[in-house]
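Here is how the chains run, residue by residue.
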Amino acid sequence: MSTTERPRILVVGGGYVGMYAARRILKKMRYGEATVTVVDPRSYMTYQPFLPEAAAGSISPRHVVVPLRRVLPKAEVLTGRVTAVDQDRKVATVAPLVGDAYELPFDYLVVALGAVSRTFPIPGLAENGIGMKGVEEAIGLRNHVLEQLDKADSTNDEEVRRRALTFVFVGGGFAGAETIGEVEDMARDAAKYYTSVRREDMRFILVDAADKILPEVGPELGRWGLEHLKKRGVEVYLSTSMESCVDGHVVLKNGLEVDSDTIVWTAGVKPNPALARYGLPLGPRGHVDTEATLQVKGTDHIWAAGDNAQVPDLAARAAGNENAWCPPNAQHALRQAKVLGDNVIAGLRGFPQTEYRHANKGAVAGLGLRKGVAMIAVGKRVKIRLRGRLAWYMHRGYHGLAVPTWNRKIRVFADWTLALFLKREVVSLGAVQNPREEFYEAAAPVSAAARESGDARPKARAS
C-alpha cells in the first residue's frame, strides 16, 4: 500500500463502475495529485452481458473478464473486502483474502459494490440453485448442463434420465431469457453427438412472477421473444413463482411439480448488503441515495453509481416522470462511471460538480445463435424495433464494442469469427470444480479395514 502523503481516492468495488471510474480518474489526474486505491474480492472485472454466451460456449470465459491490475497499472489494487466505513474518521476497514483486517484511510470515497442476486427464502434454493452473476457460475452452468446430457446418455434408469434432462430457469428478464435461449441452443447442438439423447427428450422451463418476459425491450418485442422461445419448445409459465425446490423437486405456485438437477435462478438483483454497514443514506430498496451529481446525499467527498446507487433519471423526469430513477444496466453504468470520475477530480480540485443526464438509447438481447431482439431509440419519440438475425447482429455489435479494452474486444470478435467456420465445443470440463479429486484418490492412504477386506480404495474425505 502507498505510504505517501497524497490524498487517497478509495474505490470500493472493481466491477463495471469501479473499474471505469478508476480509469477515468487516473486519466484526468495530474502526476502525483492523488493515490487511487481499488478494493475488490476479485482481481478482475466481469462483463456480465456476455455471461449467457460464455455459458453456451460462444465466447471463451477468459475473454469475459478484464484483469484490474493490467487495466489500472497506476492504481493500488487490493484483493479483499471493505467491511465497514467510518465517515467521521475517513477510514475504511479492509478484510484481505488472508490475514487480519486493517484500517485504510481515505480522503475521497467511491462506492461501486454493484448488486448481488435477489433471492427469497424458498426451501431448497440455496442448496440447489445456480446463479448467473459471475463468470464462475457461467462456466459451472455450462459444465453442469453438458454433464446432465452425459448422465442421461449413460443410464437405463428413466427417472434419472428424465430428471437430468429437465432444466428450470426462474426469471424472465434479460439474464433469464438470454441464458435459457443460449443454453437451449447449446444443448440442441450437443444432442447431435449423443446416441440416445434428442432435443425432444429435454424439457426447458422458464418461470416468472410477472405477466411478460424481457420488459426492458418493450411489450411488442417481449411478446415476440415469448412466442419465439415457445416455438423452440421452451415451456413458459408467467404470473407464477417457485414455492420450493427441496432435493431438486420443483414446486410452482400454479401447481406444476417436476424433478430437476438444474435450477437456474436469475430473478433479479438487489444492492450489495454490505452497504448497510457503511453508514450511508439508503433508499427504500437498499440503494445508496445520491444526488444527480452522483454525490451521496449529505456528503461532499463520497460518490456512488451503478447497481448499488439510486440515481435520479433527469432525462425521464424532464419528460414528465417525476419519480424516475436510472435502471441498473450496463448502458447507464458506463456513462455514470465517466461522470463520476470527472466529478471526483472536480471535487479534488474544488470545482463544481456535473449532473448525470442520459436518455435511454434502447436495449438489445440475444436468444441464441442468430436470434435476438433489439429496440433502438432514435430521437425522443422514434423507436426502431428489430427481431431475429438483424437484432442479433445489433446485440453482438453493441456489446462487442462496449466490452472494456481493445484486448478484450479483439479476443471476443476473434471468438465469434472462428465460430463462423468451426463447430461449437460441447465438451464438459466438470472436473475443474474438483481438480484434486483424482490425485487424492491415487495418493490418499488406504485404511487398515479396507486393506484387510481387500478393498484398496482410499478412505473418503470428510466433506
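On a predicted model such as this, the values are computed, not experimentally measured, just so you know.

Asks: Quick rundown of helix α1 (residues 16–28)? Include the residues and the values.
Replies: In this model, α1 (13 residues) spans 18 Å end to end at C-alpha, consistent with the 18 Å of a helix rising 1.5 Å per residue. Within the sequence span of α1, burial applies to Tyr16, Val17, Gly18, Met19, Tyr20, Ala21, Ala22, Ile25 and Leu26.

Asks: Outline the pattern of salt bridges, listing residues and values.
Replies: In the structure shown here, the tally under the stated rule is 21 salt bridges. One salt bridge connects Glu33 with Arg349, and the closest N-O pair in it is separated by 2.9 Å. Separated by 316 residues along the polypeptide, Glu33 in the loop between α1 and β2 (35–40) and Arg349 in helix α10 (residues 330–349) bring together distant segments of the chain. Judged by relative accessible area, Glu33 falls into the buried class, the value being 15%. For Arg349, a relative accessible area of 27% corresponds to the partly exposed category. Connected through salt bridges with shared partners, the residues Asp185, Asp189, Lys192, Lys371 and Arg424 form a single ionic network.

Asks: So what's going on with the sheet that holds strand β15 (residues 249–252)? Residues and values would help.
Replies: The three strands are arranged β14-β15-β16 in an open sheet whose pairing can be described as antiparallel. Because the sheet does not close on itself, it has two edges, and the strands there are β14 (242–244) and β16 (257–259). This sheet shows a mean twist of 35° between the axes of neighbouring strands, independent of strand direction. Two elements, β15 and β16, share three bridges in a ladder whose sense is antiparallel. When the bridges of β16 are listed, Val250 appears paired with Val258.

Asks: If you had to explain the packing of helix α11 (residues 389–402) against helix α12 (residues 406–419) to someone new, which residues and values would you point to?
Replies: Orientation of α11 relative to α12, taken along the N-to-C sense of each, is 150°, at an axis distance of 8 Å. Between α11 and α12, the angle falls in the class roughly antiparallel. Contact residues: Arg396, Gly400, Leu401 and Ala402 in α11; Lys409, Phe413 and Trp416 in α12. When its residues are assigned to classes, the contact of α11 with α12 shows four nonpolar, one polar and two charged.

Here is what the cut-offs are and how they apply
Residues numbered from 1 in each chain as written. Predicted model: local features only at pLDDT ≥ 70, side-chain atom pairs only at ≥ 80, totals over all residues. Heavy atoms only, no water. Helix = DSSP H or I, 4+ residues; strand = E, 2+ residues; numbered from the N terminus. Expected span 1.5 Å × (residues − 1). Buried < 20%, exposed > 50% of the residue type's maximum accessible area, 1.4 Å probe, protein only. Salt bridge = Lys/Arg side-chain N within 4 Å of Asp/Glu carboxyl O. Pairing = 2+ DSSP bridges. Axes fitted to C-alpha atoms, helices over the stretch in contact; angles between N-to-C directions. Parallel < 35°, antiparallel > 145°, perpendicular 65-115°, else oblique. Contact = heavy atoms within 4.5 Å. Nonpolar A, V, L, I, M, F, W, Y, C, P; charged D, E, K, R; others polar.

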